[in-house]
Amino acid sequence: MFLRILKQRGAVPMLVFALLLGGCWMFPLVWYNRSDSGRSRLWFRERTVVEGWMFTLVPVAKAAEAVLVADELVNGEFTNGKGESVRVFSAKRILEKRNEIGLFVHTPDRCWTETGWKLEPQAPDSIEAQIHSTKMILERRIFNNGMGGRELVYFGGLVGGQSLPYRLDHNLSVGMRHQMKLASDRSGSMLRASDQRFWRRVWESFWNRRELLGPKQFIRVSTPLNGVADLATSDALLRSFLPQWLEESEFSTAKRPSVR
């Protein structure tokens, strides 16, 4: 019976097409499954009580919250008696659907420049940070709001409970071109689609067999800059604050109540 169906006109091409379609559907599930066997899988839990600091919760705007589609959000500011402040943001997406915009799409390189902040080129534009047992590549930026306010920003992420094997700099050149007004006749989406950094991240994800979709956490810390001489002090502040703010917790895809 099966052979008779195959002999019918058009049956073989349809069968080949069905097999190819099934293969394309299953390939990401099989390929994007690698993790570093030498490291544990975890989430970062955000502390709101840090010795010597006072925390103020800052609600996330409903519009931004709707775009992020995060399962857990923490946004706020720590201040201390020395007049220092550290702004913190963490977003977790426990289960990601393929038709949702990726959590890592919304980096400061994109969102901050689109709201009027200016990028100040400053080396290095990435650092390696040690947060307890986890080494992370963090993007490092300086932003200027055009009214004298400057901010040193670190940001990075986890996927599948482990730090990324690639950088989150896919929006960097797009943000620079946007603020230079080279995007006046092209949308941000078109700029990202034509940007080499973006496609390099896709290739690195494929090569490392690390999923672009899946459980993710995006973290960001920043502190105001008072001047050029303050940069080294601010770098040291953010580096030391990260392990105070974040603690390693068990990796699970069960949703937990958000801190609001």
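Residues numbered from 1 in each chain as written. Predicted model: local features only at pLDDT ≥ 70, side-chain atom pairs only at ≥ 80, totals over all residues. Heavy atoms only, no water.

Caption draft 1: Main features of the overall build of the chain. Counting its secondary structure elements, the chain contains eight helices and eleven strands. When burial is assessed residue by residue, the chain has 42% of its 260 residues classed as buried. Across the chain, contacts joining residues at least 24 apart in sequence account for 70% of those joining residues at least 6 apart. Carbon and sulfur atoms make up 60% of the accessible area of the chain, which amounts to about 14600 Å² in all. (Helix = DSSP H or I, 4+ residues; strand = E, 2+ residues; numbered from the N terminus. Buried < 20%, exposed > 50% of the residue type's maximum accessible area, 1.4 Å probe, protein only. Contact = heavy atoms within 4.5 Å. Areas by Shrake-Rupley, 256 points an atom, 1.4 Å probe, with all protein chains shown as cover.)

Caption draft 2: Inspection of unusual backbone geometry at higher detail. Looking along the chain, the bond that leaves Ala 123 and enters Pro 124 is cis, with omega of -5°. Looking at where Pro 124 falls in the secondary structure, it is placed in the loop between strand S5 (118-120) and strand S6 (126-131). Even without glycine at this site, His 132 takes up a positive phi of about 60°. With relative accessibility at 36%, the residue His 132 sits in the partly exposed group.

Caption draft 3: The pattern of salt bridges, seen in detail. For the structure on display, the rule yields 13 salt bridges. Between Glu 46 and Lys 92 there is a salt bridge; the shortest N-O distance is 2.7 Å. With Glu 46 in strand S1 (residues 42-46) and Lys 92 in strand S4 (residues 85-93), the pair connects residues that are 46 residues apart, well separated along the chain. Pair check on accessibility: Glu 46 and Lys 92 agree, each one buried. When the shortest N-O distance is used, the salt bridge between Glu 114 and Arg 110 registers 3.8 Å. Note that Glu 114 and Arg 110 are positioned in helix H4 (residues 108-114) at a spacing of four residues, about one turn of the helix. On the basis of relative accessibility, which here comes to 43%, the residue Glu 114 falls in the partly exposed class. Among the charged side chains, a salt-bridge network with shared partners connects Asp 109, Asp 125, Glu 139, Arg 141, Arg 167 and Asp 169. (Salt bridge = Lys/Arg side-chain N within 4 Å of Asp/Glu carboxyl O.)

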